[in-house]
Amino acid sequence: MARTAPVPAATDPAIIRNFCIIAHIDHGKSTLADRMLQLTGVVEQRDMRAQYLDRMDIERERGITIKSQAVRMPWEVDGTAYALNMIDTPGHVDFTYEVSRSLAACEGAVLLVDAAQGIEAQTLANLYLAMENDLTIIPVLNKIDLPAAQPEKYAAELANLIGGDPADVLKVSGKTGEGVESLLDKIVRDLPAPVGDASAPARAMIFDSVYDTYRGVVTYVRVVDGKLSPRERIQMMSTKASHELLEIGVSSPEPTPTNGLGVGEVGYLITGVKDVRQSKVGDTITNLARPAAESLAGYADPKPMVFSGLYPIDGSDYPALREALDKLKLNDAALVYEPETSAALGFGFRVGFLGLLHLEIVRERLEREFNLDLISTAPNVIYEVTTEDKKTVTVTNPSEFPTGKVLEVREPMVSATILAPNEFVGAIMELCQSRRGDMKAMDYLSEDRVELRYRLPLAEIVFDFFDQLKSKTRGYASLDWKAEGEQVADLVKVDILLQGEQVDAFSAITHKDKAYSYGVMMTSKLRELIPRQQFEVPIQAAIGSRIIARENIRAIRKDVLAKCYGGDITRKRKLLEKQKEGKKRMKMVGRVEVPQEAFIAALSSEEPKDKAKK
Amino acid sequence: MPSVLPIGDPAPADGLLPPQAAGGAAGRRFCLYVHIPFCAVRCGYCDFNTYTARELGSGVSQDQYAGTVGAELDLAAQVLQRSGVPARRLSTVFFGGGTPTLLPAEDLARILTRAAGLWGLEPGAEVTTEANPDSVTPESLQLLAAAGFTRVSFGMQSAVPHVLKVLDRTHNPARVPEAVRWARDAGLKVSLDLIYGTPGESLQDWEASLEAAIACGPDHISAYALIIEEGTRLAARIRRGQVPNIDDDDHAAKYQLADERLTAAGYGWYEVSNWARTEADRCRHNLAYWRGDDWWGAGPGAHSHVGGVRWWNVKHPLAYAGRLNAGESPAAGRETLDEATRRLEHVMLQTRIIDGLATAELGPKGRREVAGLIADGLVDGGQAVRGRIRLTLQGRLLADAVVRRLLED
């Protein structure tokens, strides 16, 4: 299959096809992408690293894609050599905005669905997003080699969703390569070529921005109008900042410098900036000498939805945590944080995230890549509180909740989509109701699959909603959500007191009807988790000065090793040293020694484990 | 001693000690511990380094044991001399086990004679053997006394049959007063060892044991809380739910009861788990451990300490005998304590005994803890004013916590 690949910077838009793959985690997107790289000859068999596009270890381990990239691949149909740009999209609800920008860089999308599982809520949400962007959709069923595959059933489901004939749904196996060539052909035949004004001032949309230790920020763009050339000065239209184009090129899949990028082309550029915030996803790049009058539509600043306090277990790691966050920030435009002090946990940061997965990923990267031991406090959302004197306070941390009379509390809301087999509808409705949800719609996707749409408080889904949903539906339900306004609600702050002293890390803002159960749950959890001390420790839950729940940790009565065996002092000393080491892992709350594990376990949704033996 | 040896540095084959061992030796007493690693049966709670005849098989003979230990004593005398440790007479000798009285009294006497020949005994030296109440006779006790033994410590453990059964102790509790009488008749001082907190033991059971022990009129009583050691039969039975687990609160209540009853009966505490009638009745060998004196531990798995050097012998009697037959030191490993570790040990050990720790020996942070410890009722305020840290009853129960606070850094 010898091909003469079109030359970047001089490619006729008519032979360019820009597409992305919309798929759920595990539905085989990366395997399919790998197969395409191989078939188009971009990656040799021997260089094939499983799932070439996913760079970070964590992504690979979790089987999810966090950061997208674009690869240019040659493909010949009927004697014409085409240039295909495959733009990888993040696959999780937390990164909806990034997905929308990736979609905006394409003319079409491959809708990839596991032939054994059918479409999932997030895929559906991204499909709707693609349809709103007028993308041409190519429906594809993957993993047809699996014994459990039901291609007919799910082909009908897909046809039902996007219109068309179930017979037109392509059936492929990324694993064996079956059907992938026809898919590439279909991409060329069915997707429209990009259209733009080659003589206009350049307008290129940034759809990804990645920090590289050696090269600084690598920015991925889709050129809409005009042309970008090496060494010219460019301008970021949102900030008006200008940079020199040190390098411009395409990924195939290793970065390859080119003589520029023209209309419809997709590639990368390097300007020497060191922070992804200087090269923001969604922003428009233009020529400095001849700037465009109007930027491309759709730019938005990332907005954190969920906040959590991150504290080093060892207080002396605080500067290391700051440094680590500063480094992560270079590669994560959505990460925001500011220093915060907790009476219980010491110095740390209040960190804003796009969602829970984003939180988990950041925490895991901090622990793994920077070797930090961290406590993260229970995630919370942003509340707007109006006090009696008509002042409005923005609360990102329960400890900021005003102490005086409160006139009104507003909480952020989401619109959630849940897909599940119809046998679980009852269980899902029960769960959503218990989370103060308001059902908006219920539709049958097929005979036995239902789409439920709910309006829910964000706070009700950030903690353990997804886990609960999964366990109530034996793993079959999928969830997607997007922010949708706010509502006034009857919310209160519940404080937890140890020996009469408030422990800010355990405070929570909850609905009034749930305050009591939160108090009971937290006090009994802490009673299990905090070892007995040399004195009695009352644990109380309170709203303001009103105690709503109480537990007691009895004083320890014995802490002595009776015997020293036949002069084996060494053993006794080592035990003492171990105990002293253990004490270092304790946080002092007033006079109460609280093990780190208690913070971690109390703030997680899991059941407490046995109290650690001394 | 527990059956798991610590991890330390390797010990040299000739057993020679590093130079620091000799420093200040004249100011420390010199004691000898002899481990007898034999028992008639193994008790379910015990993880000491001891073996039944059946466990040992034909490789090790109890008959030859006195000779083997004697070889280590000869080596000990040489090692100390060649390491520059000045010769001192023995202040105390203690035969522990295992069940020392499973060896014929003649063998114990032989070992003692050998030690006395090498170092000599201080006038009024304390020479103790542990004994099982049913492995002594009036004759054997007479023989021990004649050989120079001054004291016998009986493993009474409990006076309540169902408690003894959980512990796998085979002796008849009625045998104890008799054995005590025989020992008295032989002119020996007597100590009784008790264990409390055995699964299934009620507070009344424990009270009965205390009263039975007091009624025997010994000079000294030890009361140890039962420790469940990993790998013992009792630990497995608890894990399987066949017997209830031990409980710290139960231990605390029983300790308090013991202190109350023993004090009322005229026994005064002098170490967390030890009470004696008079100061002269205190076990000086036991005190040597807490005071950081020097002792040579002879026998398999035995621990020694000389001037901040601690070492321990290979565990198995067969390996032990093999080393000595080859003319090598039986030491398996050792550690040479630095100044900071010696200070830490000093605080840890000295705090447990009635003399207590001099406040002057504490670091600045530890000294700042003292007021809080007095306020919490763990340290005796009157003694603190006089410059000693002495634990209260409450403090003895929380002694490890007190030590950690005193060692704040």
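Note that the structure is predicted; figures quoted are calculated from it, not measured.

**What to know about the overall build of chain A**
Okay, step 1: Along its length, chain A carries 14 helices and 31 strands.
Okay, step 2: Taking all 614 residues of chain A together, the buried fraction comes to 48%.
Okay, step 3: Counted over contacts in chain A with a minimum sequence separation of 6, partners at least 24 positions apart contribute 70%.

**Observations concerning the overall build of chain B**
Okay, step 1: Counting its regular elements, chain B contains 16 helices and 17 strands.
Okay, step 2: Residues counted as buried form 49% of the 409 residues belonging to chain B.
Okay, step 3: Long-range contacts, defined as pairs at least 24 residues apart, comprise 75% of the intrachain contacts of chain B with a sequence gap of at least 6.

**What to know about the pairing of strand β11 (residues 247-251) of chain A**
Two faces make up the sheet, and in a regular strand the side chains alternate between them.
Residues and elements named next belong to chain A.
Okay, step 1: In terms of burial, β11 is largely enclosed, as four of its five residues are buried.
Okay, step 2: Taken together, the three bridges between β11 and strand β12 (residues 255-257) define a ladder with antiparallel strand orientation. Each bridged residue has a counterpart across the sheet, and for Ser251 the counterpart in β12 is Pro255.
Okay, step 3: Linkage of β11 to β12, two consecutive antiparallel strands, is achieved through a turn of three residues.

**A few points about the UniProt feature "binding site: GTP" (unreviewed entry) in chain A**
Residue and element names in this part refer to chain A.
Okay, step 1: When the UniProt feature table is mapped to this numbering, "binding site: GTP" (unreviewed entry) covers Asp26, His27, Gly28, Lys29, Ser30, Thr31, Asn142, Lys143, Ile144 and Asp145.
Okay, step 2: Among the structural elements, Thr31 can be located in helix α1 (residues 29-39).
Okay, step 3: When you line up the elements, Asn142 lands in strand β5 (residues 136-142).
Okay, step 4: Leave out the neighbours within four places in its chain, and Asn142 touches His27, Gly28, Leu32, Leu112, Val113, Asp114, Ala115, Val172, Ser173 and Gly174.

**Some thoughts on the nonpolar core**
Okay, step 1: Of all hydrophobic cores here, the largest spans 169 residues; its most connected members are Ile22, Ala109, Leu111 and Ile418 of chain A.
Okay, step 2: By residue number, the principal contributor to this core is strand β21 (residues 406-421) of chain A, which donates seven residues.
Okay, step 3: Once residues lying within four places of it in the same chain are set aside, the contact partners of Ile22 of chain A are Thr89, Ala109, Val110, Leu111, Leu112, Thr123, Asn126, Leu127 and Ala130 of chain A.
Okay, step 4: Core analysis: the next-biggest nonpolar cluster, separate from the first, contains 122 residues, Ile569 of chain A together with Ala225, Tyr267 and Val314 of chain B among them.

**Regarding the interface of chain A and chain B**
Okay, step 1: Each partner contributes residues to the interface: chain A has 23 residues there, and chain B has 37 residues.
Okay, step 2: Of the residues in the side of chain A that touches chain B, the class split is seven nonpolar, five polar and eleven charged.

**Some points on unusual backbone geometry**
Okay, step 1: Of note, the amide linkage connecting Gly97 of chain B to Gly98 of chain B takes the cis form, showing an omega dihedral of 15 degrees.
Okay, step 2: Here Gly98 of chain B is to be found in the loop between β5 (90-97) and α3 (105-119).
Okay, step 3: In the Ramachandran plot, Lys240 of chain A falls in the positive-phi region, its phi being about 65 degrees despite a non-glycine side chain.
Okay, step 4: Position of Lys240 of chain A among the secondary structure elements: in the loop between β9 (233-236) and β10 (242-244).
Okay, step 5: Residue Lys240 of chain A is classed as exposed on the basis of its 9 C-beta neighbours within 10 Å.

**Structural notes on the sheet that holds β5 of chain A**
Residue and element names in this part refer to chain A.
Okay, step 1: In spatial order, the strands read β2-β3-β1-β4-β5-β6; together these six strands make up an open sheet with mixed pairing. This sheet does not close on itself; its edge strands, each paired only once, are β2 (70-77) and β6 (170-171).
Okay, step 2: The sheet contact formed by strand β1 (residues 16-23) and strand β3 (residues 80-87) spans five bridges and is parallel. Each residue of the ladder has a partner; that of Phe19, found in β3, is Met86.

**Here's the deal with the sheet that holds β10 of chain A**
Residues and elements named next belong to chain A.
Okay, step 1: Here eight strands make up an open sheet; going across it, the order is β10-β9-β14-β7-β8-β13-β11-β12 and the pairing antiparallel. Pairing within the sheet leaves two strands with one partner each, and these edge strands are β10 and β12. The average undirected angle you get between the axes of adjacent strands in this sheet is 40 degrees.
Okay, step 2: Both β11 and strand β13 (residues 266-270) contribute to a ladder of three bridges, which runs antiparallel. Note on β13: the bridge partner recorded for Ile248 is Leu269.

**Section: the confidence of the model for chain B**
Residues and elements named next belong to chain B.
Okay, step 1: Per-residue confidence for chain B averages 93 on the pLDDT scale, and 99% of its residues sit at or above 70.
Okay, step 2: Across chain B, the secondary-structure element scoring lowest on mean pLDDT is helix α1 (residues 53-56), at 78, and the one scoring highest is strand β11 (residues 274-276), at 98.
Okay, step 3: Here the predicted complex carries an ipTM of 0.88, next to a pTM of 0.67.

**Description of helix α10 (residues 284-291) of chain B**
Residue and element names in this part refer to chain B.
Okay, step 1: Counting buried positions over the eight residues of α10 gives seven, a clear majority of the element.
Okay, step 2: Of all the positions in α10, only Arg284, His285, Asn286, Leu287, Ala288, Tyr289 and Trp290 are classed as buried.
Okay, step 3: Positive backbone phi, approximately 75 degrees, marks Gly292, located one or two places after α10.

**With respect to the packing of helix α12 (residues 512-529) of chain A against helix α14 (residues 596-603) of chain A**
Residues and elements named next belong to chain A.
Okay, step 1: Packing of α12 against α14 leaves a shortest axis separation of 10 Å and a crossing angle of 150 degrees. Judged by the inter-axis angle, α12 sits roughly antiparallel to α14. Judged by the sense of rotation from one axis to the other, the crossing of α12 with α14 is right-handed. Across from Met522, Lys525, Leu526 and Leu529 in α12, the residues of α14 making contact are Glu597, Ala598, Ala601 and Ala602.
Okay, step 2: Here the residues of the contact of α12 with α14 sort into six nonpolar, no polar and two charged.

**As for the confidence of the model for chain A**
When pLDDT is low, close inspection of the predicted coordinates is not appropriate.
Residues and elements named next belong to chain A.
Okay, step 1: Residues of chain A with pLDDT of at least 70 account for 93%, and the chain-wide mean is 87.
Okay, step 2: Low confidence marks residues 62-68, where pLDDT is under 50. Its contacts with residues over four positions away, or in another chain, come to 27 contacts.
Okay, step 3: Under a pLDDT of 50 for its full length, residues 606-614 has, in the predicted model, 14 contacts with residues more than four places off or in other chains.

**Re the environment of Thr523 of chain A**
Okay, step 1: Looking at where Thr523 of chain A falls in the secondary structure, it is placed in helix α12.
Okay, step 2: Sequence spacing of Thr523 of chain A and Arg550 of chain A is 27 residues, and the spatial spacing of their C-alpha atoms is 6.5 Å.

Rules of the game
Residues numbered from 1 in each chain as written. Chains lettered and ligands numbered in written order. Predicted model: local features only at pLDDT ≥ 70, side-chain atom pairs only at ≥ 80, totals over all residues. Helix = DSSP H or I, 4+ residues; strand = E, 2+ residues; numbered from the N terminus. Buried ≥ 20, exposed ≤ 12 C-beta atoms within 10 Å, placed from the backbone. Contact = placed C-beta atoms within 7 Å. Pairing = 2+ DSSP bridges. UniProt positions renumbered as here; feature names shortened; annotations may be inferred. Core = buried A, V, L, I, M, F, W, Y, C linked by C-beta atoms within 7 Å. Nonpolar A, V, L, I, M, F, W, Y, C, P; charged D, E, K, R; others polar. Axes fitted to C-alpha atoms, helices over the stretch in contact; angles between N-to-C directions. pLDDT = per-residue confidence, 0-100. Parallel < 35°, antiparallel > 145°, perpendicular 65-115°, else oblique. Left-handed = near helix turned anticlockwise from the far one by under 90°.

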